[in-house]
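# A closer look at the structure
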Amino acid sequence: MGAAFAGRPLLCFRPNPMQRADRNRFPSASEHVRNAETHLANDDPRAALADLDLAFLATPDDPVVRWLRGRSLSMLGRAEAALAELDAAIALTPNIAEAWLDRSVIHLDRSDWPTAETDASQALALDDALTRAWRTRGIARYKLGSLIDAAADLNRALDQEPNDPVSHYWHGMARRDAGHDRAAIIDFDAAIRLNDRYTEAYVARGKAHSNLGDTAAARSDWAIAAQMLHQSH
């Protein structure tokens, strides 16, 4: 060894134990939840569910984990499993507005209009800024024949999100079935302007034109809808 190193201790470059522990650290349940929220925002429910399964192993009684598992399962089309998770989340704490909303949407898809209305009402009682809850309850009320209440709910949804073609469509349906065909056509026009492939809106607008005696406009709308249906098969 050279003279420059004579009498000096050799330096051993050992890794810092804190750094080594950090590299090998498993993510916490809260980190898995944050990752899952990012995946859901990116429409990737499978990746979200993978993170939430790990969070569930650590914290099975966390209502947020159960709610987000329910949302992920619903997005994957697994309605029964999603309902079980959402039921569990609501049983653990009834204060998550979006858990009520997600459950309402599933009931709406399953044509359980009364339960969809009740759950959407619970969501709105907790958070009346949830546009989707106004829309969901409005659709449920339309299906239940409560046209005035349906139109009011859908109007609230449009106040919060004026460029939602679905809310325009159902608002138009409520107005048309209440006998306000000209006003309904304005809604159907908006729905089609926002989504020019909205087949149901063309059909509904055609019916409103027919009710007003405008056979040419009705036939035109129905022809467009028929062509879209043909192209989709």
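See the structure shown above.
Residues numbered from 1 in each chain as written. Predicted model: local features only at pLDDT ≥ 70, side-chain atom pairs only at ≥ 80, totals over all residues. Heavy atoms only, no water.

Attention now goes to the environment of Arg 103. By secondary structure assignment, the location of Arg 103 is in helix H6 (residues 97–109). When its relative accessible area of 14% is taken as the criterion, Arg 103 is described as buried. In this structure, the C-alpha to C-alpha distance between Arg 103 and Asp 87, residues 16 residues apart in sequence, is 8.1 Å. Those residues within four positions of Arg 103 in sequence are excluded, and the remaining contacts are Leu 83, Leu 86, Asp 87, Ile 90 and Asp 119. (Helix = DSSP H or I, 4+ residues; strand = E, 2+ residues; numbered from the N terminus. Buried < 20%, exposed > 50% of the residue type's maximum accessible area, 1.4 Å probe, protein only. Contact = heavy atoms within 4.5 Å.)

Quick look at the packing of helix H2 (residues 29–41) against helix H4 (residues 63–75) now. It is at 11 Å that the axes of H2 and H4 come closest, and there the two elements cross at 30°. Judged by the inter-axis angle, H2 sits roughly parallel to H4. For the pair H2 and H4, the sense of crossing is left-handed. Residues Val 33, Glu 37 and Leu 40 of H2 lie in contact with H4, whose contacting residues are Val 64, Val 65, Leu 68, Arg 71, Ser 72 and Met 75. Residues that form the contact of H2 with H4 fall into these classes: six nonpolar, one polar and two charged. (Axes fitted to C-alpha atoms, helices over the stretch in contact; angles between N-to-C directions. Parallel < 35°, antiparallel > 145°, perpendicular 65-115°, else oblique. Left-handed = near helix turned anticlockwise from the far one by under 90°. Nonpolar A, V, L, I, M, F, W, Y, C, P; charged D, E, K, R; others polar.)

As a further point, take the pattern of salt bridges. Under the defined criterion, the tally for this structure stands at 17 salt bridges. For Arg 71, the salt bridge goes to Asp 102, with nearest N and O atoms at 2.8 Å. One end of the pair, Arg 71, is in helix H4; the other, Asp 102, is in helix H6, and 31 residues separate them in sequence. Across the pair, Asp 102 and Arg 71 agree in class, each one buried. Glu 117 serves as the salt-bridge partner of Arg 141, at 2.8 Å between the closest nitrogen and oxygen. With Arg 141 in helix H8 (residues 131–143) and Glu 117 in helix H7 (residues 113–126), the pair connects residues that are 24 residues apart, well separated along the chain. (Salt bridge = Lys/Arg side-chain N within 4 Å of Asp/Glu carboxyl O.)

With 17 residues, helix H13 (residues 215–231) should cover 24 Å at 1.5 Å per step; its first-to-last C-alpha distance of 24 Å lies within 8% of that length. All buried positions along H13 are accounted for by Ala 217, Ala 218, Asp 221, Ala 225 and Met 228. Down the axis, H13 shows its buried residues gathered within 105° of arc, on one side only. Of the exposed residues in H13, those oriented more than 90 degrees away from the buried face are Ala 216, Arg 219 and His 230. For H13, the secondary structure elements touched by its buried residues are helix H12 (199–211). (Expected span 1.5 Å × (residues − 1). Arc of directions from axis to C-beta.)

Moving on, we come to the packing of H8 against helix H9 (residues 147–160). Packing of H8 against H9 leaves a shortest axis separation of 8 Å and a crossing angle of 160°. In terms of orientation, H8 and H9 fall into the roughly antiparallel class. The crossing of H8 and H9 is left-handed. Here H8 contributes Thr 131, Trp 134, Arg 135, Arg 137, Gly 138, Arg 141 and Tyr 142 to the contact with H9, which in turn contributes Leu 147, Asp 149, Ala 150, Asp 153, Leu 154, Arg 156, Ala 157 and Gln 160. Per-class residue counts for the contact of H8 with H9 are six nonpolar, three polar and six charged.

Right, let's get into the side chain of Arg 66. Note on placement: Arg 66 falls in helix H4. Owing to a relative accessible area of 15%, Arg 66 belongs among the buried residues under this scheme. Dropping the residues within four chain positions of it, Arg 66 is found in contact with Phe 56, Pro 60, Glu 85, Ala 88, Ala 89 and Leu 92.

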